[in-house]
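Examination of the molecular architecture
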Amino acid sequence: MFGSEITYDRQRTAAFSGHRKIVPPRQGALFSGNSNTAGEYLSGIAARLDTAVGNLMEEGFDTFLCGMAAGFDLMAGLAVCRRIAAGRQANLIALIPFPGQADRFRPQDREAYRKILSFCRSEVIVSPQYRRDCFHRRNDLLVNHSSALICYYDGSPGGYTLYR
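In this report, we go over the structure that sits alongside the text. (Residues numbered from 1 in each chain as written. Predicted model: local features only at pLDDT ≥ 70, side-chain atom pairs only at ≥ 80, totals over all residues. Heavy atoms only, no water.)

1. Things to note about the pairing of strand β5 (residues 148-152)
Burial of β5 is one-sided: the residues Ala148, Ile150 and Tyr152 facing one way are buried, the residues Leu149 and Cys151 facing the other way are not. Bridge analysis of strand β1 (residues 13-18) against β5 gives five bridges, and the strand direction is parallel. Across the sheet, residue Phe16 finds its bridge partner in β5, namely Ile150. (Buried < 20%, exposed > 50% of the residue type's maximum accessible area, 1.4 Å probe, protein only. Helix = DSSP H or I, 4+ residues; strand = E, 2+ residues; numbered from the N terminus. Pairing = 2+ DSSP bridges.)

2. Considerations on the nonpolar core
In terms of nonpolar packing, the biggest core is built from 36 residues, with Phe16, Leu49, Val53, Phe64 and Leu92 touching the most fellow members. Elements represented by at least two residues in this core include exactly β1, α1 (38-58), β2 (63-66), α2 (72-85), β3 (91-96), α3 (107-119) and β5. The greatest single-element share of this core, amounting to eight residues, is contributed by α2. Sequence-distant contacts of Val53, defined by excluding residues within four places in its chain, comprise Phe16, Phe64, Ala79, Val80, Arg83 and Ile150. Grouped together as the second largest cluster of nonpolar side chains are eight residues, Leu65, Ile93, Val126 and Leu142 included. (Core = buried A, V, L, I, M, F, W, Y, C linked by side-chain atoms within 4.5 Å. Contact = heavy atoms within 4.5 Å.)

3. Some points on the packing of aromatic side chains
In the structure shown here, the tally under the stated rule is four aromatic pairs. With centroids separated by 6.1 Å and ring planes inclined at 15°, the aromatic side chains of Phe16 and Phe64 adopt a geometry described as stacked. Here Phe64 lies in strand β2 and Phe16 lies in strand β1, a separation of 48 residues in the sequence. A relative accessible area of 1% places Phe16 in the buried class. Judged by its relative accessible area of 0%, Phe64 is buried. The interplanar angle of 85° and the centroid separation of 6.0 Å between the aromatic rings of Phe98 and Phe135 together place this pair among those described as edge-to-face. In this pair, Phe98 sits in the loop between β3 and α3 while Phe135 sits in helix α4 (residues 134-144), placing the two residues 37 residues apart along the sequence. A relative accessible area of 13% places Phe98 in the buried class. An aromatic cluster is present here, built from Phe98, Tyr130 and Phe135 joined pairwise through their rings. (Phe/Tyr/Trp six-rings, centres within 6.5 Å; stacked < 30°, edge-to-face > 60°.)

Keep in mind these values describe shape, not function.
Now the structure itself:
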């Protein structure tokens, strides 16, 4: 599925999923983190994500699937990139919903997108063009080809629910 250049084992593969906007939750939310400002909140999420990726690597996970959406996906992809840059052996695979996905991203998100692609061992284009279901198909691939999922959920509605 992900290309012949990668030895792929679902049991050692993790994926990421989460909101596109990462903002501190409102007062009284289930998870409030331990920070007061948006910058501190983002730093705290990034630190927890780095720890989660490191823990999975220590458990033997060596392949990471990134859905490449702005927000948590890119943050997670960059966490894997940092580990690879530091010398850890890992396969990073980009699951790109459609070509041109990043064309409307903010400049800093486009930069992160390009950086992640430069570390990827493989890129999977889910749909040759934008379709209403390309993100749902990408999400199905993330879930069906991994055995661990690192998520960011802030309690707000959105995203995709898988019904089977």
